[in-house]
Amino acid sequence: MTDATSYLQAYDEQLRTDAETPSALAVTRHGPLRLVTFAGGRGFVTYRDLGGADAEAVRALVAAAVEHFDADAEITRVEWKTRGHDRAPGLHDALVASGFEPGEPESIMIGPLTALAGLGDAPEGVTVRRVTTEADVRAMSAMVDEAFGEAVDARMADALLSRLARGDGMELWVAEVDGRMVCGGRLEPVPGTDFVGIWGGATLEAYRHRGIYRALTAARARSALAQGKALVHSDSTDDSRPILERSGLVAVSTTTPYDRTR
């Protein structure tokens, strides 16, 4: 098998299980669906596959997911995570008809952690470190929101702090210039698998193209290697994909989030 084929097989078998959502507050099964509740009023829908469902059955699955989350007054937003290699007839139309809006497709990238660990050290004047205190976590979360061009959402910081308190293995890393956080991201080891996830990487626009994101990625990869992990996966935007490809990661599929808010 090619690297892309074997990596995609490992992704489907090892990651599209409960290992995908270690920080879940609750998981309800409905047929092939895993309906996940996270802290901060966030719902999430994922699955290994849709079990060969036809378009009518897919519409019924979407309706069941909507009913499930609408019954919980605490849930204000739901993400349905689609994958480009799935057989899911009529899913786009069913989601849109139920109030979901598609986001930008991202590439599912997989490869050896050793490739990322060699990306390089921090450029001169840049400090890369792991953060754990409430003040640092809130500052990091606000910076990432700014980097993505979004309004600061305190609920995300609350959710990150809740996860740190539970000790589910997540690590938060930042890069700083003159004491200012300019880049940040998460490291998420996946228990019981060969994988670690690298997520949430974002750099303030004024500090891009300086090697800062590469250094942050390398630091996270070295931390994961020290934990005995071998493979890394990430959903990458067009900005970060070239960096990962140059480091030996392979695009094995795509993922598109569909979001519904109330």
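Anything mentioned here points back to the structure above.
Definitions and limits used
Residues numbered from 1 in each chain as written. Predicted model: local features only at pLDDT ≥ 70, side-chain atom pairs only at ≥ 80, totals over all residues. Heavy atoms only, no water. Helix = DSSP H or I, 4+ residues; strand = E, 2+ residues; numbered from the N terminus. Expected span 1.5 Å × (residues − 1). Buried < 20%, exposed > 50% of the residue type's maximum accessible area, 1.4 Å probe, protein only. Contact = heavy atoms within 4.5 Å. Core = buried A, V, L, I, M, F, W, Y, C linked by side-chain atoms within 4.5 Å. Pairing = 2+ DSSP bridges. Salt bridge = Lys/Arg side-chain N within 4 Å of Asp/Glu carboxyl O. Phe/Tyr/Trp six-rings, centres within 6.5 Å; stacked < 30°, edge-to-face > 60°.

## Let's talk about helix α7 (residues 212-226)
Item 1. Here α7 spans 22 Å end to end across 15 residues, near enough to the 21 Å set by a 1.5 Å rise per residue.
Item 2. Turning to α7, its buried residues are Ile212, Tyr213, Ala215, Leu216, Thr217, Ala218, Ala219, Arg220, Ala221, Ser223 and Ala224.
Item 3. Contacts from the buried residues of α7 go to α4 (113-117), β7 (126-131), β8 (171-177), β9 (180-189), β10 (195-203) and α8 (241-246).
Item 4. At the C-terminal side of α7, Gly228 shows a positive phi close to 90°.

## Looking at the nonpolar core
Item 1. In terms of nonpolar packing, the biggest core is built from 26 residues, with Met140, Leu172, Val182, Cys183 and Ile212 touching the most fellow members.
Item 2. Secondary structure elements with two or more residues in this core: β7, α5 (134-147), α6 (154-166), β8, β9 and α7.
Item 3. Leave out the neighbours within four places in its chain, and Met140 touches Val131, Leu172, Trp173, Val174, Met181, Gly184 and Gly185.
Item 4. Within the second largest apolar cluster, 20 residues are counted, among which are Leu61, Val62, Ala65 and Phe100.

## Side note on the pairing of strand β11 (residues 231-236)
Item 1. Burial within β11 is extensive, with six of its six residues counted as buried.
Item 2. Along β11, one buried face is formed by Leu231, His233 and Asp235 and the opposite face, lined by Val232, Ser234 and Ser236, is buried too.
Item 3. Examined bridge by bridge, strand β6 (residues 106-112) and β11 share six bridges and lie antiparallel to one another. When the bridges of β11 are listed, Gly111 appears paired with Val232.
Item 4. Of the pairings in the sheet, the one linking β10 to β11 comprises three bridges and is parallel in character.

## Quick look at unusual backbone geometry
Item 1. Despite not being glycine, Asp178 shows a phi value in the positive range, around 50°.
Item 2. By secondary structure assignment, the location of Asp178 is in the loop between β8 and β9.
Item 3. You can call Asp178 exposed: its relative accessible area is 78%.
Item 4. The phi dihedral of His209 is positive, around 65°, even though this residue is not glycine.
Item 5. For His209, the location among the structural elements is in the loop between β10 and α7.

## A closer look at the pattern of salt bridges
Item 1. Applying the stated criterion across every chain yields a total of 22 salt bridges.
Item 2. In this structure, the salt-bridge partner of Arg16 is Asp12, at a minimum N-O distance of 3.1 Å. Summarising the burial analysis for this pair, Arg16 and Asp12 share the class buried.
Item 3. Salt bridges sharing common partners tie together Asp18, Glu20, Arg34 and Arg83.

## Notes on the packing of aromatic side chains
The description of two aromatic rings rests on the distance between their centres and on the angle between their planes.
Item 1. Scanning the entire structure with this criterion turns up three aromatic pairs.
Item 2. Aromatic pair Trp80 and Phe100: ring centres 6.4 Å apart, planes at 80°, arrangement edge-to-face. Of this pair, Trp80 sits in strand β4 (residues 77-83) while Phe100 is found in the loop between α3 (91-97) and β5 (101-102), placing the two residues 20 residues apart along the sequence. With respect to class, Trp80 is no different from Phe100; both count as buried.
Item 3. One aromatic cluster is present, built from ring pairs that chain together Tyr47, Trp80 and Phe100.

## Things to note about the environment of Val27
Item 1. If you trace the backbone, Val27 turns up in strand β1 (residues 26-30).
Item 2. Owing to a relative accessible area of 35%, Val27 belongs among the partly exposed residues under this scheme.
Item 3. The sequence separation of Val27 and Thr37 amounts to ten residues, and the corresponding C-alpha distance is 6.4 Å.
Item 4. Aside from chain neighbours lying at most four places away, what touches Val27 is Asp18, Thr21, Arg34, Leu35 and Val36.

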